[in-house]
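Spelled out from the first residue to the last, the chains are:
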Amino acid sequence: MSAQVGATQAVSTVASTGTSLDAPTSSSTSVSAVEDAEALALAQQKKAVLHQLSVNSTFFREKGNKAFKRRNYDVAHDLYTKGIRHLPTSRLFCNRSIANLRMGKPQDAFLDASLAVRLSPTCVKAYVRRAAALQKLGRLEEAAEDLEKAGSFGNDQFVLKMLEDVRLCLSRLEGLPNPARGGNGGGGERVGAPSPASVSADLRRLEEVLASLDPSRADAPAVSRAMVEIQSLLEANEAGRDYFFACGGVAKVFGVFSVDNASALSIFRLICCGESGEEEDRARTPKRAHALMFQNETTAADFAMVLGCVPRKRLAVVSAALEVLDVMLGKQENREAFLEGDEAQSTVLNVVAMFAKGNEPLRIRAGAVLCRVANLKKFVSYGVRHHRDLGQGILRCCVARDGAAKATALAVLQRVRHSKAILSMLVGKDLGAGISALLHDAVASQDAGEGRVFASAAYTEDQLDQLANILEICTSLCLPRRPQGGQSVSKEFVTELSDKGTWTLVMRMMETSDGRIRGAATDLFASACRCLPELCFLVARDKDAFHAFFDVFADSSDRERQTLVSHIANVLGNIPEFHHLLSTRCPLGDLLKTLVTDATSDQAVVALCRILLCVTKNDEDFKDRLCWDVDLLQCLVRLWYARAGAAKFYALQLLQLLLSEERAARILTESASEGQVMVLIEDLNKHRILAEAQETGGGGPFAPE
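Residues numbered from 1 in each chain as written. Predicted model: local features only at pLDDT ≥ 70, side-chain atom pairs only at ≥ 80, totals over all residues. Heavy atoms only, no water.

A. Expanded view of helix α11 (residues 238-246). Among the nine residues in α11, seven count as buried, and that is most of the element. Every buried residue of α11 is listed here: Gly240, Arg241, Asp242, Tyr243, Phe244, Phe245 and Ala246. Along its buried surface, α11 packs onto α8 (157-173), α9 (201-211), α10 (220-236), α12 (249-255), α13 (261-272) and α14 (286-297). Downstream of α11 by one or two residues, glycine 248 has phi in the positive range, about 70°. (Buried < 20%, exposed > 50% of the residue type's maximum accessible area, 1.4 Å probe, protein only. Helix = DSSP H or I, 4+ residues; strand = E, 2+ residues; numbered from the N terminus. Contact = heavy atoms within 4.5 Å.)

Right, dumping it as structure tokens:
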């Protein structure tokens, strides 16, 4: 009743005041404004909170990344977790996934990567992380699906290579039974696999022996007998090597590794290490698939066990350990552990010492291990510290008769090319002798006329690639940089190659029709001339070598190479024999007009101007001809206007020498505008090049007053 009375009073009040019920009052307007202000403040507060959470999340992610780079994976994991608590992002889950993988927790890595995929369904890295975890769990089909999904978002070569590797491993396991595994992952029967009854007796026996390897009650004699039987079964049956992985054999053998490491290494060597000197394409072979599966099955603890066998005294154990180590270093985390682990100093020292002082097979295996890590920046300090042993090992491989040893020397040099510090310590007389022997041996079988003829058609593609590789490595060893107060660090190396007659052979290669050999030989010779300027005179003495040089020097389409050989022209600029050879290819007066274009390098312009300056100062008739050449004068003006630095300086110097003659000055004045002439005069005065014109006493507007 009271409510009805209140409503009646409200209606009467509205009626008496003439106000509509739908019209807003001042009080309702103020309430709405307050609500809007509160909503705006709440939105701003929410935005500020989200921003702060994002800042905190980023802070912990960056700190986690730094810890991860220091290989503190547990610390990185904790920091990523703190970042996730502030603001979960796909990047944080991806990072924590790889941290879990490095800590040997593939299931946790899989879960984190799956969350990253849910947060960002198009994140390629999330699919790759999950595929890596699935590989560790033995679920290769699902890993391939994730990699196919990642590949659909873009043509990422890393993803495609990883997918190819997974498919290769799947092709080896296809059709095999997948028994319950005791290793890193679980299995279940593979779809379409034959029943256990159809498995051969050898494979059943292999599974039984592997199951008997129990680390908790390992009996040394029994383990040794089991290892020997496993090895014999693997040797007798090719399919047994695939089944070995399907049974989780890697984890089981590593479980008893400490009991009989020699037998364990022999088994691993048998299943995943290729023979040295193997010529077939390993990317398609079962060995390649087995090596990939072996890398996937192993853990950081397994790597540490193999690494601990390197300093052993038994040669067979050390040799097998180096081969297995070579395969395991295919994983990035193992390479990092090799160079940064607690025992890294002594381990690297042992491997380098074996490379320098071991017998030939041991040296080849140690060199293969070094090739895995020598291209990393973290190897630089080791390479500089142990450069004597490294250089000795390279030299012994270069002069060895075995082709595998020579290939090892080239591979090591190829990997250390990134570091000028290592190369500057390696170059010297000994390495020059080794490289010279290597190059002469590479061409000895097909060479004719004692090095006077090099016919690229006489070589196979592989041989030509090897020769080009040797030449490119030699180029990287020619370091023109001069230490303070000294000569080029590569001078002894270049001199030794000269004493061995190598440069004659290189100059023959500069004339070949094969583009890669010709380019590599030209780069090598030009780089060597920077280290030993006396080599430039070979071009002035040898017509064939000169023609090969001139073809590169006149080719403006390759500015980098043209710049490189311009150094030779600058050194020979005052040599009359060189001027004569130039005149056989192009009249000296037409050099600038013929060879210089907008694409010509500044160094080539400098060399041409210096040659013309030298000839002009010594030959008055030649100078008179140039003074009447309108095209040449205009070309010099264009160079003065368009070029900078040394090219501009020498163009001005040559121009001033010619303009000291009244007729040249008159011709240029008639062919140029008054403004151009005045600017040119000011520029000549500014560069103070009028001193040479004062000695000639020439007249005209360009002569000194």
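B. Just the nonpolar core, in detail. Phe244, Phe338 and Leu592 are the most contacted members of the largest nonpolar core, which has 214 residues in total. Of the residues forming this core, the biggest block, ten residues, is contributed by helix α34 (residues 602-618). Setting aside anything within four residues of it in sequence, one finds leucine 592 in contact with Leu608, Cys609, Leu612, Leu632, Cys635, Leu636, Leu639 and Leu654. (Core = buried A, V, L, I, M, F, W, Y, C linked by side-chain atoms within 4.5 Å.)

C. Highlighting the side chain of aspartate 260. Residue position: aspartate 260 is located in the loop between α12 and α13. For the buried aspartate 260, no salt bridge is present, and the opposite-charge side chain at shortest range is arginine 314, 6.1 Å distant. In this structure aspartate 260 touches Val223, Ser224 and Met227, once residues within four positions along its chain are discounted. (Lys, Arg positive; Asp, Glu negative; His and termini not counted. Salt bridge = Lys/Arg side-chain N within 4 Å of Asp/Glu carboxyl O.)

D. Representation of the packing of helix α17 (residues 332-340) against helix α18 (residues 344-357) in the model. It is at 6 Å that the axes of α17 and α18 come closest, and there the two elements cross at 95°. Considered as vectors, α17 and α18 are oriented roughly perpendicular to each other. Packed against α17, whose contacting residues are Phe338, Leu339 and Glu340, the element α18 presents Ala344, Thr347, Val348 and Val351 at the interface. Among the residues forming the contact of α17 with α18, the class breakdown is five nonpolar, one polar and one charged. (Axes fitted to C-alpha atoms, helices over the stretch in contact; angles between N-to-C directions. Parallel < 35°, antiparallel > 145°, perpendicular 65-115°, else oblique. Nonpolar A, V, L, I, M, F, W, Y, C, P; charged D, E, K, R; others polar.)

E. Here's a closer look at the packing of α11 against α13. Contact pair α11 / α13: the axes reach a minimum separation of 10 Å and the direction vectors enclose 115°. Comparing the axis directions of α11 and α13 gives the class roughly perpendicular. Once α11 is placed against α13, the crossing between them reads as left-handed. The residues of α13 that touch α11, namely those facing Arg241, Phe244 and Phe245, are Ile267, Leu270 and Ile271. Across the contact of α11 with α13, the residue classes tally to five nonpolar, no polar and one charged. (Left-handed = near helix turned anticlockwise from the far one by under 90°.)

F. Quick look at the environment of alanine 132. Note that alanine 132 resides in helix α6 (residues 124-136). Distance from alanine 132 to aspartate 146, taken between C-alpha atoms, is 9.6 Å for residues 14 residues apart in sequence. Excluding residues that lie within four positions of it along the chain, alanine 132 makes contacts with Leu101 and Met162.

G. Main features of helix α3 (residues 73-86). Between its first and last C-alpha, α3 extends 20 Å over 14 residues, near the 20 Å set by a 1.5 Å rise per residue. Those residues of α3 lying buried are Tyr73, Ala76, His77, Leu79, Tyr80, Thr81, Gly83 and Ile84. (Expected span 1.5 Å × (residues − 1).)

H. Looking closely at unusual backbone geometry. You will see that arginine 71, though not glycine, has its phi angle at about 70°, which is positive. Of note, arginine 71 is situated in the loop between α2 (26-69) and α3.

I. Expanded view of the confidence of the model for the protein. Overall, the prediction assigns the protein a mean pLDDT of 80, with 83% of residues at 70 or greater. Every residue in residues 180-198 scores below 50 in pLDDT, and together they form 38 contacts with partners more than four places removed in sequence or on other chains. Low pLDDT, under 50, characterises residues 275-283; the stretch is placed with six contacts to residues that sit more than four places away or in other chains. (pLDDT = per-residue confidence, 0-100.)

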